[in-house]
Amino acid sequence: PINSDVFFFQPHEMSKTVRFITCCAIKKVRDLEFTLLVMKDLLSMGLLFQWNIYGEVPYLGDYNYYERLCTIVEELGLTKHVIFHKALKKQSDTSKALHNSDFYIDFSQKETYGMAKIEAALTGVKLILPSIENNCIFNHNMLFYDGTHKEVASQIYTTIEKCMSDRKNDIASRLSIRED
């Protein structure tokens, strides 16, 4: 059984600026460099976003990796869009961070399907994952991508545009129901 208090995790609506979140140990196996390239491509496509990364730094002596990520963020011109935070220790903090997010993104090809992803899905946050996780048992609210960073960015951009359009249509239909 999953040990998660569903009281904390209630669905929410998307914002105009797309809010990405990742909760993980900041270590090389997470392949955060790939996601940074995807983010750079999304920015060049005109997507307004913020990516909040919550995790332990340094993780088991992997401080050089964190420093390299910070350098990449600067080189790609993402300093206003990518923010590193300390790891979330309390479930209420995790819930708050997830409620302030639209998409949970994680392209690690080697990590297991962790609790943060389950909590994100329970909150109604869509998960953006590598296609390797397409066979997992918990397959709700998930988006699976594969390819180069440019291909993945293009697919994500199209998906986000559709989500925003669906959201506008949903709000419009709610307003028309209220008027009747």
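Keep in mind that this is a model prediction, so the values were computed, not measured.

Draft legend 1. Fine view of the packing of helix α1 (residues 32–44) against helix α2 (residues 63–75). Put simply, α1 and α2 touch, their axes get as near as 11 Å, and they point 10 degrees apart. By the angle between their directions, the pair α1 and α2 is classed as roughly parallel. Of α2, the residues touching α1 (which contributes Leu 32, Glu 33 and Leu 36) are Tyr 65, Arg 68, Leu 69, Ile 72 and Val 73. Of the residues belonging to the contact of α1 with α2, the class tally is six nonpolar, no polar and two charged.

Draft legend 2. A look at the nonpolar core. Judged by nonpolar contacts, the single largest core of 34 residues is most densely connected at Phe 20, Leu 36, Leu 42, Trp 51, Ile 128 and Ile 156. When residues of this core are traced back to their parent elements, those giving at least two are β1 (18–23), α1, β2 (49–54), α2, β4 (103–105), β6 (142–145) and α5 (149–179). Not counting residues within four places of it along the chain, the set of residues in contact with Leu 36 comprises Trp 51, Leu 69, Ile 72, Val 73, Leu 76, Leu 78 and Val 82. Counting residues in each nonpolar core, the second largest holds 13 residues, with Ile 21, Ala 116, Ala 120 and Leu 129 among its members.

Draft legend 3. Looking closely at the side chain of Thr 159. Mapped onto the elements, Thr 159 comes out in helix α5. By relative accessible area, which is 17% here, Thr 159 ends up buried. Contact partners of Thr 159, with chain neighbours within four places excluded, come to Leu 143 and Tyr 145.

Draft legend 4. Structural view of the state of the cysteines. Going through the model one piece at a time under the given rule, you end up with zero disulfides. Free of any disulfide, Cys 23 has its nearest neighbouring cysteine sulfur in Cys 24, separated by 7.8 Å.

Draft legend 5. Fine view of the packing of aromatic side chains. For the structure shown, the criterion picks out four aromatic pairs. Aromatic side chains Phe 20 and Phe 103 sit 5.9 Å apart centroid to centroid with 35 degrees between the ring planes, which places their arrangement in the tilted category. Residue Phe 20 is located in strand β1, and its partner Phe 103 is located in strand β4; the two are separated by 83 residues in the primary sequence. With respect to class, Phe 20 is no different from Phe 103; both count as buried. Measuring from centroid to centroid gives 5.4 Å for Phe 34 and Phe 107, while their planes differ by 80 degrees, and the two rings are edge-to-face. A residue pair is termed long-range when its members are at least 10 positions apart, and Phe 34 in helix α1 and Phe 107 in the loop between β4 and α4 (115–123) qualify at 73 residues. Since its relative accessible area comes to 3%, Phe 107 is described here as buried. Here a set of aromatic residues connected by ring pairs shows up, and it is made of Phe 20, Phe 49 and Phe 103.

Conventions used here
Residues numbered from 1 in each chain as written. Predicted model: local features only at pLDDT ≥ 70, side-chain atom pairs only at ≥ 80, totals over all residues. Heavy atoms only, no water. Axes fitted to C-alpha atoms, helices over the stretch in contact; angles between N-to-C directions. Helix = DSSP H or I, 4+ residues; strand = E, 2+ residues; numbered from the N terminus. Parallel < 35°, antiparallel > 145°, perpendicular 65-115°, else oblique. Contact = heavy atoms within 4.5 Å. Nonpolar A, V, L, I, M, F, W, Y, C, P; charged D, E, K, R; others polar. Core = buried A, V, L, I, M, F, W, Y, C linked by side-chain atoms within 4.5 Å. Buried < 20%, exposed > 50% of the residue type's maximum accessible area, 1.4 Å probe, protein only. Disulfide = S-S within 2.5 Å. Phe/Tyr/Trp six-rings, centres within 6.5 Å; stacked < 30°, edge-to-face > 60°.

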